[in-house]
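As a plain string of letters, each chain reads:
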Amino acid sequence: MTVRVLVADDHAAVRAGIVLILDGADDLEVVGEAADGAQAVAMALELRPDVVLMDVRMPRLDGISATKELAGVCDVLILTTFDIDEYVFGALRAGAAGFLLKNTDAESLVEAVRLVARGDGLISPGVTRRLIAAFAEQAPRKEPAGDPESLTPREREVLACIGRGLSNAEIARELDMAEATTKTHVSRVLNKLGLKSRVQAAIYYSEGA
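Participant: Outline the pairing of strand β5 (residues 98-101), listing residues and values.
Facilitator: Burial along β5 is two-sided: the residues Gly98 and Leu100 and Phe99 and Leu101 are all buried. Relative to β5, strand β4 (residues 75-80) is paired through 4 bridges, and the arrangement is parallel. In the sheet register, Leu79 faces β5, and the bridge partner there is Leu100. In the sheet, β5 pairs with strand β6 (residues 122-123) via 2 bridges, with the strands oriented parallel. Counterpart to Phe99 in the pairing with β6 is Ile123. In the classification by handedness, the crossover that spans β5, the intervening helix α5 (residues 106-117) and the parallel β6 is left-handed.

Structure, rendered in structure tokens:
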């Protein structure tokens with residue numbers, strides 16, 4: 001299956017470089033390019049890509065605000081130069097499926113897009129430990145909109161696996177079920193808990209779900 005990608009970055013040269021990398025992968029197709037957040041939202045709503053690669057600092061509408069508008073429409077992978085806590089927290093609260101730094105090599109960038117398209121979450125290794133510690137300290141827990149008691153036993157197992165950082169493929173192997181079934185269970189867990197992404201689900205579980 002070909003993964004359809006929209007690239008949003010206000011720097012034309014950077015955007016062109018990202019497109020060149022992604023187009024070099026047989027299973028990825030860049031379906032559009034946006035120069036600011038407002039354009040990214042409009043194009044995503046029109047083109048319905050599988051993944052939006054979103055910069056943070058952009059004119060008219062910043063990447064985090066744009067991500068919030070696209071929650072439930074498509075998966076957003078934040079790609080930025082800055083690993084500032086404000087950006088990381090903001091991106092995750094907005095529902096981003098992942099957070100990656102622009103110093104990531106080409107191979108890792110391509111694999112990150114594939115992972116997010118498969119329904120997995122991703123956080124740049126350079127900020128993971130700091131993120132988990134700081135997020136727990138700075139972000140007071142908000143009860144999810146949904147009812148945790150509504151989760152089935154199987155969905156609770158899936159949530160526990162998400163909390164351990166397992167990918168969909170790893171969850172499927174551990175729980176002995178098809179990867180497509182795993183993705184369905186993950187979606188149901190997020191919907192029932194009123195969460196926007198599996199990253200939020202992992203944080204929710206780590207806080208004592």
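Participant: I'd like a rundown of the sheet that holds strand β2 (residues 28-34), residues and numbers included.
Facilitator: The pairing of strands in a sheet happens through backbone hydrogen bonds and is either parallel or antiparallel. If you trace the 6 strands from one edge of the open sheet to the other, you get β2-β1-β3-β4-β5-β6, paired in parallel fashion. For this open sheet the edge positions go to β2 and β6, each flanked by a neighbour on one side alone. Bridging between strand β1 (residues 3-8) and β2 involves 6 bridges; their strand directions are parallel. Bridging from a neighbouring strand, Val5 pairs with Val30 of β2. Across the sheet, helix α1 (residues 12-23) is in contact with β1, β2, β3 (51-54) and β4; its angle to β2 comes to roughly 165°. Each of β1, β2 and β3 is contacted by helix α2 (residues 37-47), which is oriented at about 135° to β2, the strand it contacts most.

Thresholds applied
- Residues numbered from 1 in each chain as written.
- Predicted model: local features only at pLDDT ≥ 70, side-chain atom pairs only at ≥ 80, totals over all residues.
- Heavy atoms only, no water.
- Buried < 20%, exposed > 50% of the residue type's maximum accessible area, 1.4 Å probe, protein only.
- Helix = DSSP H or I, 4+ residues; strand = E, 2+ residues; numbered from the N terminus.
- Pairing = 2+ DSSP bridges.
- Right-handed = clockwise from strand over helix to strand, strands pointing away.
- Contact = heavy atoms within 4.5 Å.
- Axes fitted to C-alpha atoms, helices over the stretch in contact; angles between N-to-C directions.

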